[in-house]
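For reference, the chains in residue letters:
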Amino acid sequence: MGIGRHLKRFTGLVAPRWLLFRGRAAGRKIALSFDDGPHPEHSPRILDVLGEAGVKVTFFVVGEEAEKYPALVRRMREEGHEVANHSYSHYGLIGSTPAEYLADVQHCQGLLEDICGCELARSFRPPYGTVHPAVFLGLIRHGYRVVLWSVDSDDSRVDDAQQLREVFFRKSLVPGDVVLLHEDYPHTLEALPQLLQMVEDRGFGLARCREL
């Protein structure tokens, strides 16, 4: 059982320090967020595209993957992007108890801070975007902010870059939106320059999730 859609919206409004669904950015800013990395082939190229565009995003990385590719995590941080927690084992959390879930999150946080060599904001995106209420309360007690999204790019539901561009073009965006993308789909990487251009053409700038 996860936090319902309406509860997500309500909690994000009354306690944005606990849960981010859609932020309150100053000016016309939205946040792009990438899940499930780092990816050995896609992540370096995503970083190249972002660097050429001069924009900063948030990467919600999986601890097991960060352990395999720590240099990519360090590069994300060094290039000004936000590195955040997407659990250590991701798929391994299915069927876990609240205590096991929280221990997994804490393990990932410690690993990311060791890799980056500094303390990181306690921003956590739950796998699949759902979290049991007992886990949510435990995360709050440990100082975490749960970060969800208000706009799904649907890159997990399309098969190629052209479809993704067409779907994204039809998305409505408002200031403060958090957009969900993934690092592990090749079509997301291929479409990324055009997605960034669409955001710019609509008059939006980009912020990291911690800035919303």
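So, how was this worked out
- Residues numbered from 1 in each chain as written.
- Predicted model: local features only at pLDDT ≥ 70, side-chain atom pairs only at ≥ 80, totals over all residues.
- Heavy atoms only, no water.
- Salt bridge = Lys/Arg side-chain N within 4 Å of Asp/Glu carboxyl O.
- Helix = DSSP H or I, 4+ residues; strand = E, 2+ residues; numbered from the N terminus.
- Buried < 20%, exposed > 50% of the residue type's maximum accessible area, 1.4 Å probe, protein only.
- Contact = heavy atoms within 4.5 Å.
- Phe/Tyr/Trp six-rings, centres within 6.5 Å; stacked < 30°, edge-to-face > 60°.
- Lys NZ or Arg CZ within 6 Å of the ring centre and 35° of its normal.

(A) Looking closely at the pattern of salt bridges. Under the criterion given, the structure shown has nine salt bridges. Salt-bridge contacts for Lys68 lead to Glu65; the nearest nitrogen and oxygen are separated by 3.3 Å. With Lys68 and Glu65 both in helix α3 (residues 63-68) and three residues apart, the pair spans about one turn of that helix. The exposure class of Lys68 is exposed, given its relative accessible area of 53%. Several salt bridges share partner residues, and in doing so they unite Asp152, Asp154, Arg157 and Lys171 into one network.

(B) Spatial organisation of the environment of Val146. Within the secondary structure, Val146 is located in strand β6 (residues 145-147). Classification of Val146 by relative accessible area gives buried; the value is 1%. Separated by 16 residues in the primary sequence, Val146 and Gln162 place their C-alpha atoms 32 Å from one another. Leaving out residues up to four positions away in the same chain, Val146 has contacts with Trp18, Leu19, Leu20, Phe124, Pro126, Phe136 and Leu139.

(C) Main features of the packing of aromatic side chains. Summed over all chains, the structure comprises three aromatic pairs. One cation-aromatic arrangement involves Arg28 over Phe204; the distance from NZ or CZ to the ring centre is 4.1 Å.

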